[in-house]
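Given next are the chains, with one letter for each unit.
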Amino acid sequence: MKTWAICLNTFRETVRDKVFILLVVFALIMIIASRIFGFLSIGQELKIVEDVGLASISVFSLLVAVFVGTTLVHKEIDKRTVYTIVSKPIHRYQFVIGKYAGLNLTILVNMVVMGLFFYLLVRLMHGTWSSGFDMAIALIYVEVMVVTGLALLFSTFASPTLSAIFTFLVYIAGHLSNDMMFFGARSQNIFVNIITTGLYYILPNLSRFNVKNEVVHGLPIPPNFYVYSILYGLLYCIMLVIVSSFIFERKNLK
Amino acid sequence: MGYAIEIVGLKKTYRSGVRRRSVTALNGLDLCVNRNEIFGFLGPNGAGKTTTLKILLGLLFPTAGSARVLGKPVGDLSVKAKVGFLPENPYFYEYLTCRELLDFYCRLFSIQKSERGKRIDRLLARVSLDHVANRQVRKLSHGMLQRLGIAQSLINDPEVLFLDEPMAGLDPVGRRTIREMIHELKAEGKTIFFSSHILQDAELLCDHVGILREGRLVNTGTLQEMLTPKLASYEAVVTDIPEDAIEELSHIATKLEKREERFHLLINGTENLRRMERIVAQSGGLMDSLSKTRGTLEDHFIEFINPQPGEAVNK
């Protein structure tokens, strides 16, 4: 009940803050993009709208995850709202889990609204809505959950600016971890090999959550891939929340 | 029953700055607060008042020493369930309404839904915020925020209440309202521990006070004990005194001032008082008035927060 109260409160605060303005921006970009690219690429309008639509859902959700996630704990300490919460009979890990779940709930609602808008646009353009779109959006959500977890982790010990930089760097490295492993394996240097292998296992493999191109171009994806990717993502999130809680449990709230 | 609050040898050291220099906020604090009393925790800015409060509430971890509230170590959830806390200049979630905010705090105490509504209405009425129950926190004035802070600190009907500078930034009416509320809470059987540097409020409120300086308790006691001087002190006004008698009086008085043909003297102790009366009578002078002086909390505060000459300052 206590964790749920913090989750619901985080949701309510972020919704009443500025997060939904992003939705309006997203909607406008979708409309403008489909109109402009429709004129430019005769016969490819639908593909362009699908491409831009999925990319927009991904980018806008990631923006919310990074910019709200990195201030998640820091803002509470900075604005001193945390004092009246941690002094109540709750465990600190309940606070961390509640904040994380609350932001994920906000992002979920954002994505559902964006997804519906995307669905309507595809249907208006007489396109067919395949289950691949649902799965692509689901994987984007899992990826955003991982990024939110990273932002949360960094926000337990660093300033919002530093946290945003760290999150962004890990996000890029996470998309390149497959390539890193590939080049490391080809390297003659044993140390490079060890480092790239280590990074591959430590960093989140975010490329697992990117199936946008395959879905838009109708390429087959085995169902196992979805299951393992979602499981991998959820496990990674749990690990991030545990580490964040561990740090926050020991933090002096000055 | 034991003490409401018991602090033994509490130390807190921070690391700050790029060079991670060590800063001592508390330096071996010992303190006991009885149940059902109003305890004023006084000290200048930076003396360690807020640090102590934060340790008692489990927000900071002590470097050394121990602290117990209601007989249990601080941070224990069963203790947290019985305490209330009003931080200095409280901040709350700005986009929530007063009612939503209090409902949120009720949930942190696992208060059942059927009880929540009644309790929130009662508290909002008590702090005179019932007319703004559905107004967002960001639209409240400073005084209203302070009262909302008190409402949230009372949401669990606490046994011990920690108030950090509860009167800071309030107008005289607001300060009086909070003072009256603190008296009511004591009458209900609660222990109130409040930090302040507004001495007038402490003088009007407290049963016991403790004065903190550089992380150490330099004096503690009842207001009565603090305000009764160790040596009785008298203020006398005399006239028609010859020069040689003035010379004699200057050796007895701790302070001697001439104001419009009258001499104002400050005399310490009854022995000196008798000597002064004898000198005035023998010289043919006239004593216009004589009164016993009473120290103020401010006098004691200033006396204790200023380091004595030659005293080592612990850092």
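Reading the values: the criteria
- Residues numbered from 1 in each chain as written.
- Chains lettered and ligands numbered in written order.
- Predicted model: local features only at pLDDT ≥ 70, side-chain atom pairs only at ≥ 80, totals over all residues.
- Heavy atoms only, no water.
- Salt bridge = Lys/Arg side-chain N within 4 Å of Asp/Glu carboxyl O.
- Helix = DSSP H or I, 4+ residues; strand = E, 2+ residues; numbered from the N terminus.
- Buried < 20%, exposed > 50% of the residue type's maximum accessible area, 1.4 Å probe, protein only.
- Axes fitted to C-alpha atoms, helices over the stretch in contact; angles between N-to-C directions.
- Parallel < 35°, antiparallel > 145°, perpendicular 65-115°, else oblique.
- Left-handed = near helix turned anticlockwise from the far one by under 90°.
- Contact = heavy atoms within 4.5 Å.
- Nonpolar A, V, L, I, M, F, W, Y, C, P; charged D, E, K, R; others polar.
- Domains from an automatic or database assignment.

Undergrad: Sorry if this is basic, but what is going on with the pattern of salt bridges here?
TA: Should the charged atoms of two oppositely charged side chains come close, the side chains can pair. Residues and elements named next belong to chain B. Following the criterion strictly, the structure yields 19 salt bridges over all chains and no others. Ionic pairing is found between Glu 184 and Arg 126, a salt bridge with its closest N-O pair at 3.5 Å. Taken together, the residues span a long stretch of sequence, with Glu 184 in helix H6 (residues 172-187) and Arg 126 in helix H4 (residues 113-126) at a distance of 58 residues. On the accessibility criterion, Glu 184 (42% relative accessible area) is partly exposed. Three or more residues are tied together by salt bridges with common partners; here these are Arg 126, Asp 157, Glu 184, Glu 188 and Lys 190.

Undergrad: Could you clarify how one ought to interpret the packing of helix H1 (residues 2-16) of chain A against helix H6 (residues 92-124) of chain A in this entry?
TA: In a pair of packed helices, the angle between the axes and the distance between the axes together describe the arrangement. Residues and elements named next belong to chain A. Contact pair H1 / H6: the axes reach a minimum separation of 7 Å and the direction vectors enclose 45 degrees. Considering their axes alone, H1 and H6 lie oblique with respect to each other. The crossing of H1 and H6 is right-handed. Together, Lys 2, Thr 3, Ile 6, Cys 7, Thr 10, Phe 11, Thr 14 and Val 15 of H1 and Gln 94, Phe 95, Ile 97, Gly 98, Lys 99, Ala 101, Gly 102, Leu 103, Leu 105, Thr 106 and Val 109 of H6 make up the contact between the two elements. When the residues that make up the contact of H1 with H6 are grouped by side-chain class, the tally is ten nonpolar, seven polar and two charged.

Undergrad: Is there a simple way to explain unusual backbone geometry in this structure?
TA: In terms of backbone geometry, most residues other than glycine have negative phi values and most peptide bonds are trans. All names here are of chain B. We note that Glu 214 has phi near 45 degrees; this positive angle belongs to a residue other than glycine. Checked against the element boundaries, Glu 214 lands in the loop between strand S9 (208-213) and strand S10 (216-222). Here Glu 214 falls in the partly exposed class, since its relative accessible area comes to 31%. For Glu 260, which is not a glycine, the phi torsion comes out positive at approximately 50 degrees. For Glu 260, the position within the fold is in the loop between strand S12 (255-259) and strand S13 (262-268).

Undergrad: Sorry, what's going on with the domain arrangement of chain B here?
TA: In many reports, interface size means the accessible area that the parts give up when they come together. The domains assigned to chain B are domain 1 (5-222) and domain 2 (233-292). Placing a centre on the C-alpha atoms of domain 1 of chain B and another on those of domain 2 of chain B gives a separation of 49 Å.

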